[in-house]
Amino acid sequence: MPRDQKHDPFFETNLARWDEAVAIHAASQGYDLQGYLRGEKTLYQVEMDEVGDVRGRTLLHLQCHFGMDTLNWARLGATVTGLDFSPSAVERARLLAQEVGIHDARFVLSNVYDAPAVLAEQFDIVYTGIGALNWLPDITAWARVVASFLKPGGFLYLYEGHPMAAAMDDEREDGALVVRYPYFEVERPIEWDDEHTYTDGPPLKNTRGFEWNHGLGEVVDAVLQAGLRLDFLHEHRDAAWQALPWMEPVHHVPDGSRHQRRTQWWLPAAQRDLAPLMYSLKATRPA
Ligand SMILES: C[S@@+](CC[C@H](N)C(=O)[O-])C[C@H]1O[C@@H](n2cnc3c(N)ncnc32)[C@H](O)[C@@H]1O
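### Here's the deal with the overall build of the protein chain
For the protein chain, the count of helices and strands is 9 helices and 12 strands. Counting every position in the protein chain, which comprises 287 residues, the buried fraction comes to 52%. Of the contacts made within the protein chain by residues no fewer than 6 positions apart, 74% connect residues no fewer than 24 positions apart. Total accessible area on the protein chain is roughly 12,900 Å²; 51% of this is exposed by carbon and sulfur atoms. Each charge class in the protein chain was averaged separately, 26 positive and 42 negative side chains, and the resulting centres sit 5 Å apart.

Below is the structure:
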């Protein structure tokens, strides 16, 4: 499935930023690599609960960054393959696999849309999310890629930022929930310029980025059109990151740091029932 050339300039800009971000993230308090090496940084509880037992299963992690989550699935017993378009991410993930002694983990370099041409294999589980789909322009083509990687009876598990939250104005001083960005997938990406990533660390040189939102119905439709059967769709009041500056940590964070990666965030109590922040979706390829 060749990707659409018109998106290449956007991919190139995003790739430069992501490639540079890897070293910053690997050294950050937020990703806490040292804690990870001690086995402290696990997956989110909701992911482990909803995916269930992965022992003996093959798992493909799309947009795996430098492999921490991928290797956490391996720590739980899966045989893992991670895929990312950033050479630095793939290189760091391979090193991390050696550092944690998971020698059968594999990391593949590819744009998601080119992945079927690079990886001719099918898996029990395709896992992705936590800031992945927003880098992709075409959710229908993405779902076809996912389906092509699933064995009959295999499933997709997605834990992702909710498009409603992504549409909110994240620069307000008054804490009001105001829609500012497109909720639906549109041709023209949202362009931004920010010298810091979502975690702590020095500024980046590659400051620009392009993102696309995908409405919840569009994601579900894409998954169904690709031939998968929807098992569940859950909308969550808590988020994996502080998407709006006035969000609060769900649990007390000892040092008050917003960079504790496994901290979950939610809106102040008066807003908590107003909008979903994340969703999780499981969809199975019929046997
Ligand atoms: C926020 S990270 C998600 C990783 C993981 N959830 C985490 O928190 O570490 C997004 C990843 O998507 C990758 N990415 C972005 N666009 C991509 C594309 N078109 N094809 C493959 N990887 C892509 C980036 O290189 C980055 O590693």
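And the narrative resumes.
### So, the sheet that holds strand S11 (residues 265-266)
Pairing in this open sheet of 3 strands is antiparallel, and the strands run S9-S11-S10 from one edge to the other. Strands at the two margins of the open sheet, each flanked by one partner only, are strand S9 (238-239) and strand S10 (248-249). Taken together, the 2 bridges between S10 and S11 define a ladder with antiparallel strand orientation. Bridge assignment links Glu248 to a residue of S11, and that residue is Trp266.

### Topic: unusual backbone geometry
Phi angles above zero are rare outside glycine, and Gln63 is one such case at about 60 degrees. With respect to the secondary-structure elements, Gln63 resides in the loop between strand S1 (58-62) and helix H4 (68-75). At His65, a residue that is not glycine, the phi angle is positive and equals roughly 55 degrees. Checked against the element boundaries, His65 lands in the loop between S1 and H4. Note on His65: relative accessible area 12%, which makes it buried.

### Describing the confidence of the model for the protein chain
Per-residue confidence for the protein chain gives a mean pLDDT of 93; residues scoring 70 or more make up 95%. Scored below 50 in pLDDT, residues 256-260 makes 11 contacts in the model with residues more than four places away or belonging to other chains.

Here is what the cut-offs are and how they apply
Residues numbered from 1 in each chain as written. Predicted model: local features only at pLDDT ≥ 70, side-chain atom pairs only at ≥ 80, totals over all residues. Heavy atoms only, no water. Helix = DSSP H or I, 4+ residues; strand = E, 2+ residues; numbered from the N terminus. Buried < 20%, exposed > 50% of the residue type's maximum accessible area, 1.4 Å probe, protein only. Contact = heavy atoms within 4.5 Å. Areas by Shrake-Rupley, 256 points an atom, 1.4 Å probe, with all protein chains shown as cover. Lys, Arg positive; Asp, Glu negative; His and termini not counted. Charge placed at Lys NZ, Arg CZ, Asp CG, Glu CD. Pairing = 2+ DSSP bridges. pLDDT = per-residue confidence, 0-100.

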